[in-house]
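An overview of the molecular structure
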Amino acid sequence: MKYLLAIAIEDYSDPKLGRIPFALNDAIALGEALQGHGYDTDRQYVMLNEDATKTAVESRLKRLATLLTEDDQIAVYYAGHGCSISGRSVITARDSQFADLESTTISLADIFDTLGGSACRRVMMFLDARHGGIGSDLADDELTEFFDRSAHCACFAACQSGESSHSSGQLQHGVWAWHLLEALRGDAPLALGPGNRLTAASLQNFLVTEVHRTLQTTFKDNHSQTPWM
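I will try to describe carefully the structure that is included in this document. No experiment lies behind these values; they were computed from the predicted model shown.

**Describing unusual backbone geometry**
- With a phi angle near 45°, Asn-49 is a residue other than glycine that sits in the positive phi range.
- Structurally, the position occupied by Asn-49 is in the loop between strand 2 (44-48) and helix 2 (54-67).
- On the basis of relative accessible area, Asn-49 is assigned to the buried category, the value being 9%.
- Located in the positive-phi region is Gln-172, a residue other than glycine, with phi close to 60°.
- Turning to its location among the elements, Gln-172 is positioned in the loop between strand 8 (167-168) and strand 9 (173-174).
- Assessed through its relative accessible area of 39%, Gln-172 is described here as partly exposed.

**Digging into the pattern of salt bridges**
- All told, the structure shown has six salt bridges when counted by the stated rule.
- We note a salt bridge from Lys-54 to Glu-58, for which the minimum N-O separation is 2.9 Å. Of this pair, Lys-54 and Glu-58 both sit in helix 2, separated by four residues, roughly a single helical turn.
- According to the relative accessible area criterion, Glu-58 is partly exposed, its value standing at 23%.
- One connected set of salt bridges, linked through shared partners, spans Glu-10, Asp-11 and Arg-19.

**With respect to helix 6 (residues 175-185)**
- In terms of residue burial, helix 6 counts as a mostly covered element, since eight of its 11 residues are buried.
- Of the positions making up helix 6, those classed as buried are Val-175, Trp-176, Ala-177, His-179, Leu-180, Leu-181, Ala-183 and Leu-184.
- Once helix 6 finishes, Gly-186 follows within two positions and takes phi at roughly 85°, a positive value.

**Points about the nonpolar core**
- Ile-74, Tyr-77, Leu-127 and Trp-176 are the most contacted members of the largest nonpolar core, which has 69 residues in total.
- Per-element tally for this core: the top contributor is strand 3 (residues 73-85), with eight residues.
- Discounting chain neighbours no more than four positions away, the residues touching Trp-176 are Tyr-77, Phe-126, Leu-127, Asp-128, Phe-156, Ala-157, Ala-158, Leu-207, Val-211, Gln-225 and Pro-227.

**Describing the environment of Leu-181**
- Note on placement: Leu-181 falls in helix 6.
- For Leu-181, a relative accessible area of 1% corresponds to the buried category.
- Considered as a pair, Leu-181 and Leu-30 are 151 residues apart in the sequence and their alpha carbons are 6.3 Å apart.
- Leu-181 has contacts with Ala-29, Leu-30, Ala-33 and His-173, leaving out every residue within four places of it along the chain.

**Here's the deal with helix 7 (residues 200-218)**
- The end-to-end C-alpha distance of helix 7, which contains 19 residues, comes to 26 Å, matching closely the 27 Å that a straight helix rising 1.5 Å per residue would cover.
- Looking at helix 7, one finds that the buried residues are Ser-202, Leu-203, Gln-204, Phe-206, Leu-207, Glu-210, Val-211, Thr-214 and Leu-215.
- Packing partners of the buried residues in helix 7 comprise strand 7 (152-157) and helix 6.

Basis of the calculations
Residues numbered from 1 in each chain as written. Predicted model: local features only at pLDDT ≥ 70, side-chain atom pairs only at ≥ 80, totals over all residues. Heavy atoms only, no water. Helix = DSSP H or I, 4+ residues; strand = E, 2+ residues; numbered from the N terminus. Buried < 20%, exposed > 50% of the residue type's maximum accessible area, 1.4 Å probe, protein only. Salt bridge = Lys/Arg side-chain N within 4 Å of Asp/Glu carboxyl O. Core = buried A, V, L, I, M, F, W, Y, C linked by side-chain atoms within 4.5 Å. Contact = heavy atoms within 4.5 Å. Expected span 1.5 Å × (residues − 1).

Next comes the structure, spelled out in structure tokens:
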């Protein structure tokens, strides 16, 4: 079976963390797109805004991990702020506090440990973690270490360290998320690889090309964003 855990925070309880434009649109649309790939709605857990507190997200992930079998697949999607605190890569929750990020955020290492401790060996992560001026950039090495040792796991991130993930008022989505949705919906022939199949490599190549193109045509200023896999 296939499971989805989608987490999106557009408005934080602490106003100092600001907003993430169109994060909810991105997460909801991703769930709809994945239905066509066997991720049935009764196995989709979409946690938006007030439902995505630190306690709720960590509890849901742990409960999901106990359900997963060796033949299952899980996709994890996150849209919100991400940063590095005291050398640890973290993602924010709805109730994260700007003045105490260290104890009110969710560690990526803890997420990886929970998934790695399950029976599931097929994990896809879609990470649209926007820096937003809090803490330091996410550390790519934690992502690389986990996914390098996992034969059937892949992570797609909206941007590299030192960059921002941009959104478009015209698209009503994040730019990276918009092109990800195009590919998953089957609306992007250029995203297909050999045999007209969507593969990790063909998806990544498509995202790099199309995100760059859209940024060039959408913004007058130079906006740098390089999708990462």
